[in-house]
Amino acid sequence: MTDREIRPEQALKTLAGDQVPADSRHARQLARRRMIAEAVMAEGTMRIEDLTERFGISLMTAHRDLDELVEKGLLRKTRGIVSAAPTSLIESSDVYRSSRQAAEKRAIAQAAAAFLEPGQAVFFDDSTTVLQLVPHLAAHVPLTAITNSITLMNELKDTRDLTLLGLGGQFYNWCNAFMGPVTVTEIRRLRADRLFMSMSAITDGMVFHQSPEMVETKRAMFDSAAMRILLADHTKFERRALHAMCALNEFDVIVVDDGTPPRQVEEMKAGGMTVVVAAVRQQDVTIGQL
């Protein structure tokens with residue numbers, strides 16, 4: 001496995017310095033880079049100058065450290081700003097996305113699992129919300145799971161009575177998944193009973209994503225599934241992204257959390273959409289914020 005192929009969560013583990021002598025210069029460098037990555041992920045966006053002050057390093061050292069973190073797909077850097085949070089043009093890494101709205105994602109996935117039935121073939125996209133379906137799949141086997149996500153493949157590979165179909169193609173480090181023409185061609189040769197998908201943003205009755213390659217891959221899954229289920233926490237209605245995939249009302253079911261504004265839920269229902277509102281336990285929210 002080359003450095004470019006390291007999974008983001010593996011990258012953070014490597015940055016901890018547990019694979020080199022603890023008293024070495026390299027170990028201290030790795031530890032500092034891990035702390036920088038964690039600081040940016042906690043804040044979402046930071047000024048590079050603020051990092052030099054916080055960690056007592058020169059601007060040159062900060063840029064060198066950040067370039068390494070960008071190379072591993074953990075952060076984004078532009079014009080004096082480093083970011084883990086998505087913008088309308090750039091999606092965040094899966095490490096950052098996994099840490100956001102964790103309680104809401106668990107509740108949404110639990111509600112969405114009610115649409116699974118034994119014997120089905122199911123597309124699962126690479127989103128961190130869909131990843132939360134994993135604990136619920138064993139109760140619905142036998143299943144055929146089809147995914148482009150390496151993270152999901154690793155989570156499902158030991159599940160009994162589950163047939164796993166991994167979609168190949170061009171690997172993208174930031175999302176730890178395969179996308180592009182090869183992936184799309186594989187998808188279009190398949191037909192599934194269900195699709196579970198999430199998107200970056202919902203605006204003006206449309207679903208959007210920052211990555212055109214991601215939109216193309218998700219659209220291929222969408223077109224090849226008999227029933228399409230969108231998983232969207234309430235923050236998706238507050239965001240913007242560049243590339244539209246389809247209208248919101250083209251999904252058969254939309255599963256949201258109870259933090260979604262009631263007005264938004266009522267508008268979707270008034271538009272003829274099937275909306276499931278998942279209740280988020282306050283205890284889970286509290287734990288997720290610790």
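Just above, that's the structure.
Residues numbered from 1 in each chain as written. Predicted model: local features only at pLDDT ≥ 70, side-chain atom pairs only at ≥ 80, totals over all residues. Heavy atoms only, no water.

Novice: Describe in detail the sheet that holds strand E1 (residues 45-47), supporting the description with residues and values.
Specialist: On the basis of which strands lie adjacent, the open sheet formed by three strands has the order E1-E3-E2 and antiparallel pairing. Edge positions in the open sheet fall to E1 and strand E2 (76-78), since each of these has one partner strand only. Ignoring strand direction, the axes of neighbouring strands in this sheet form an average angle of 20 degrees. Looking at chain direction, E1 and strand E3 (residues 81-83) are connected through three bridges and run antiparallel. Following the sheet pairing, Arg-47 is matched in E3 by Ile-81. Where helix H3 (residues 48-55) meets the sheet, its contacts fall on E1, E2 and E3, and the angle it forms with E1 comes to roughly 75 degrees. Contacting E2 and E3, helix H4 (residues 59-71) runs over the sheet at an angle of about 130 degrees to E2. (Pairing = 2+ DSSP bridges. Helix = DSSP H or I, 4+ residues; strand = E, 2+ residues; numbered from the N terminus. Axes fitted to C-alpha atoms, helices over the stretch in contact; angles between N-to-C directions. Contact = heavy atoms within 4.5 Å.)

Novice: Can you tell me about helix H10 (residues 181-188), naming the residues and giving the values?
Specialist: Of all the residues in H10, the buried ones are Thr-183, Val-184 and Ile-187. Each buried residue of H10 lies within a common arc of 95 degrees when the element is viewed along its axis, so the set occupies one face. At its buried positions, H10 is contacted by strand E4 (121-124), strand E7 (170-172), strand E8 (177-179) and helix H11 (212-223). (Buried < 20%, exposed > 50% of the residue type's maximum accessible area, 1.4 Å probe, protein only. Arc of directions from axis to C-beta.)

None of the figures reported here should be taken as evidence of function without further support.
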